[in-house]
Structure formats: structure tokens, C-alpha cells
Amino acid sequence: MESLFHAQTLLIIAAAAIATYLTRVGGYVFITRMKRIPPRAEAALNAVPAAVLTTLVAPAAITGGWDVSLTMAIAFLVGLRLSLLPMLAVCWIVVMVIRHLIV
């Protein structure tokens, strides 16, 4: 019977897990040893959530088809007025209408 994973795949997964852990722990240790966080570093840390969200959303918006792009545009507009949960509900309804009635 063929093995489920190759040894090389398991090594890559383990190396990625170790690198991720060390990066997070190293960043935590580095920040906690600082007496004061410089304004530029604080601005960079504040920009991280938006950067991560962009890297998750942008590929789907570009390659997901017109229904996904339209829903993301509506989510952006609704998100300017409503909080997260109502925005998710509105966009879920939009996706269901587009996928079941139009597509």
C-alpha cells in the first residue's frame, strides 16, 4: 500500500510549522523587550490585518468569476454602513440569489 504522505512532504510541512512558530515567538519576544514601540513600527503593525485580508480577498475577487467580484463589491459598500454580522447576512443573500437565480 502506498503511503499517504511522502517523507519530503512531511518535512516541508514540519519546516513550515517550525518557521511559523519561530517567527511568531521571535516577534513577540522582540516587541515585549522594547520599552517603547517606535511610531513607524506601530503603524506597520497596525497595517498587518488589512494586508493579510487583502492577500486573502484579492485572488478570489480576480479569479472567482463575476458573481464573486460583484458580491465582494457589495460587501465593501454594505460594510461602510453596517457592522460585520449584518454585512455577512446581506452578502450571503446576494450570493445565494446570484448563484441560484441568475447563474
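None of the values given here were measured: they were computed from a predicted structure.

Caption draft 1: Molecular detail of the side chain of Asp67. Assignment of secondary structure puts Asp67 in helix H3 (residues 66-79). The class for Asp67 is buried, based on a relative accessible area of 13%. In terms of polar contacts, Asp67 uses its side chain to reach the side chain of Arg99, at 3.2 Å. Each residue touching Asp67, except ones within four places of it in the same chain, is listed here: Ile98 and Arg99.

Caption draft 2: Structural view of the packing of H3 against helix H4 (residues 84-102). It is at 9 Å that the axes of H3 and H4 come closest, and there the two elements cross at 155°. Relative to H4, H3 is oriented roughly antiparallel. You can see that H3 and H4 cross each other, and the crossing is right-handed. Between H3 and H4, the contacting residues are Trp66, Asp67, Val68, Leu70, Thr71, Ile74, Ala75, Val78 and Gly79 on the first element and Met87, Val90, Cys91, Val94, Val95, Ile98, Arg99 and Ile102 on the second. When the residues that make up the contact of H3 with H4 are grouped by side-chain class, the tally is 13 nonpolar, two polar and two charged.

The rules behind these values
- Per-chain numbering applies: the sequence of each chain, read as written, is numbered from 1 onward.
- Since the coordinates come from a predicted model, pLDDT governs what is reported: local features require at least 70, and pairs of side-chain atoms require 80 or more to be given and counted, while whole-chain, interface and lining totals use all residues.
- Side-chain measures were taken over the full set of non-hydrogen atoms in the model, leaving aside hydrogen atoms and water.
- Every helix listed is a DSSP run of H or I at least four residues long, and every strand listed is a run of E at least two residues long, numbered separately from the N terminus.
- Exposed residues in this analysis have more than 50% of their type's maximum accessible area, buried residues have under 20%, and partly exposed residues fall in between, with area computed by a 1.4 Å probe over protein chains only.
- Think of a polar contact as two N or O atoms within 3.5 Å of one another; within protein, one of them needs to be a possible hydrogen donor and the other a possible acceptor, and neighboring residues in sequence only count if both atoms come from side chains.
- Any pair of residues with heavy atoms lying within 4.5 Å of one another is described as a contacting pair.
- The convention used is that axes are lines fitted to C-alpha atoms, helices contributing only their stretch in contact, and that angles between N-to-C directions extend from 0 to 180 degrees.
- Any angle that is under 35 degrees is reported as roughly parallel, and any over 145 degrees as roughly antiparallel; angles of 65 to 115 degrees are reported as roughly perpendicular and all others as oblique.
- Handedness of a crossing follows from how the near helix is turned relative to the far one, being left-handed for an anticlockwise turn of less than a right angle and right-handed for a clockwise one.
- Each residue is assigned to one class: nonpolar for Ala, Val, Leu, Ile, Met, Phe, Trp, Tyr, Cys and Pro, charged for Asp, Glu, Lys and Arg, and polar for all the others, Gly among them.

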